[in-house]
Amino acid sequence: MQRTPIRAAIAALAFTLMPTISYAEEINVTTVAGHPPVFLWVKTLSETFIPSVNAALEGTDYTINWNEAYGGTLAKPGGALETIEFGLAQVGIVSTLFEPSNLSLQNVTYVTPFGSDDVDLVLKTVDQMHDEIPGMRTLWENHDLEYLGGAFGLEDYLLMTKFPVTSLKDMEGKKINAPGSAVTWLENTGAVGVSGNLTTYYNDIQTGVADGVIVFPTAASAAKLYEVAPYVTRTHFGAQYAGGIAVSKSWFESQPEPVQAAFRTGVKAFAAAYRTGLEERVKNAFATMEKGGATITELPASEREAWANALPPIAQNWAHEQDDLGLPGTEVINTYIQHLKDAGVKLPRDWSVK
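Here the residue numbers are simple positions, counted from 1 along each chain's written sequence. Thresholds applied to this predicted model are a pLDDT of at least 70 for local features of residues and 80 or more for the giving and counting of side-chain atom pairs; totals over whole chains, interfaces and linings are not thresholded and use all residues. Computation of side-chain values: all heavy atoms of the structure, hydrogens and water removed.

A. Summary view of the pairing of strand β1 (residues 25-33). Following DSSP output, two strands are said to pair if at least two bridges run between them. Numbering of helices and strands starts at the N terminus; helices are DSSP runs of H or I of at least 4 residues and strands are runs of E of at least 2. Direction of pairing for β1 relative to strand β2 (residues 62-70): parallel, over a ladder of 9 bridges. Along β2, the bridge assignment pairs V29 with W66.

Structure, rendered in C-alpha cells:
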C-alpha cells in the first residue's frame, strides 16, 4: 500500500518529461491558372513556388494544404483575376495581357514595340514600376488583389513567313497574323494585320488566310509553325511582360506574418526559376526550328529602325487614352522607356511621351 504514492509520483514525473507534441495549423489554399502546366509559368508555379512556400513554413506553426486548379478546371485563360476576386482561389497566375481594361497599365510593353529583347530586364523593370507608380498597384487593388511580383513574360517576338524578309518593302500587301494589340505593330508597314492566336496560326498560314505571323520562339517551335512559315526573321520586336502572381488581398492580409513571408519567398524563387527555364526553352526552340528546315535570319538594324519609325504614335495614343481615364499612362510610358535607356538599351524609336 505504501508503493502507490511512490508509483504515482514516478508516473507524474514521467509525464512531465514526455516531449510536448504540437500540431501546426493547416491552411487551405487554392492556386489557379487558366493555362495548363505545359506552359512554363504554370509549371513553375506548381514545381517551384509551392515547394518554396512549404520550405519557408518549415519550423513554423503553419502548413498549407494546396489545391491546384489549372488548365480550365477553375478558370479559362484570362479568367484568373475574377476567380481570385470572387474568392474561388486565394493565389494564382494572372495574365495581364488578357486584361487590357482591368489591368491596362500593365500592358505597357505591348505598346512600345522594338524595345528590349532581354526578358530579365523587361520583367524586373515592370515589377519595379509597381513600387514606383502607385497607380499600377491600385488597378490590382480595385479587384481585391495584391500583386506579389514574380513577373512572367514572353521572349523576344519575331516574324515567321512563307517568304524571305530582308526589308520593310518585302511586307507590302502581305497578310500577317498577330496576337491582340500586336496587330498595331503592322500599321503603316504595307502589311495587313490579321488578328489571330496560337490555335489558328498554323491553319491560317497553310490555307492562305495569312502569309505569316508575329510570334515568340517557344510557341512557334511547339506549334511547328516552321513547317508552313519556314522563314524566321529575328525582327526583335522585344520581350513582353505578360503577368505575375497575385493573391486575394483581403485573404492575404488576414494571414499570419509567417505565411505572408513564405509567400513572398516563394514568389522570389518563382521569378528566378522561370527566367532560367525560359532561357533554356528559347535556345531549344531555335534549335528545333532550324533542324526542322527553317531559315533563320536577322532583320538589318536599318530596316528595324525604318519599321519602328513607320508605325503610328502607338505609345503616345495609348498614354493619352489612359490619362483621359484618370490613370498615369504618360508616367508609365516615360518611366518604362527611361528604365530601358538607363540599362543601355539602344531603341530604334523613343516612345517617350513629350
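B. Broad picture of the pairing of strand β8 (residues 231-248). Throughout, exposure labels follow a simple rule: accessible area from a 1.4 Å probe, protein chains only, divided by the maximum for the residue type, with under 20% read as buried, over 50% as exposed, and the rest as partly exposed. β8 sits mainly inside the fold: 16 of its 18 residues count as buried. Relative to β8, strand β3 (residues 91-95) runs antiparallel, the two sharing 5 bridges. Counted as the bridge partner of G92 is A246 from β8. Across 11 bridges, strand β4 (residues 145-161) lies against β8 in antiparallel orientation. Note that in β8 the partner of G153 across the bridge is Y241. As paired strands, β8 and strand β9 (residues 295-298) are joined by 4 bridges and run parallel to one another. Residue pairing across strands places R234 opposite E298, the latter belonging to β9.

C. Quick look at the environment of N67. Here N67 lies in strand β2. Residues N67 and F163, 96 residues apart in the sequence, show an inter-C-alpha distance of 47 Å. Residues count as neighbours in contact if any of their non-hydrogen atoms are within 4.5 Å of one another. Setting aside residues up to four positions removed in sequence, N67 forms contacts with V29, T30 and T31.

D. Unusual backbone geometry, seen in detail. If you check the backbone angles, K224 has positive phi at about 55 degrees while not being a glycine. Within the secondary structure, K224 sits in the loop between α7 (217-222) and β8. Positive phi, close to 60 degrees, is recorded for H236, a residue that is not glycine. By secondary structure assignment, the location of H236 is in strand β8.

E. Fine view of the packing of aromatic side chains. Two rings from Phe, Tyr or Trp (for Trp, the six-membered ring) form a pair when their centres are within 6.5 Å of each other. A pair whose planes differ by under 30 degrees is stacked, one over 60 is edge-to-face, and the rest are tilted. Inspection of the entire model under this criterion finds 19 aromatic pairs. With a centroid separation of 5.8 Å and 55 degrees between ring planes, the pair formed by W251 and F263 is classed as tilted. Note that W251 is positioned in helix α8 (residues 249-253) and F263 in helix α9 (residues 257-291), a separation of 12 residues in sequence. Summarising the burial analysis for this pair, W251 and F263 share the class buried. Chaining the aromatic ring pairs together yields one cluster made of Y110, F114, Y157, W185, F216, F237 and W307. Here, a charge over a ring means that NZ of Lys or CZ of Arg falls within 6 Å of the ring centre while also lying within 35 degrees of the ring normal. The ring centre of F163 lies 4.7 Å from the NZ or CZ of K174, which sits over that ring.

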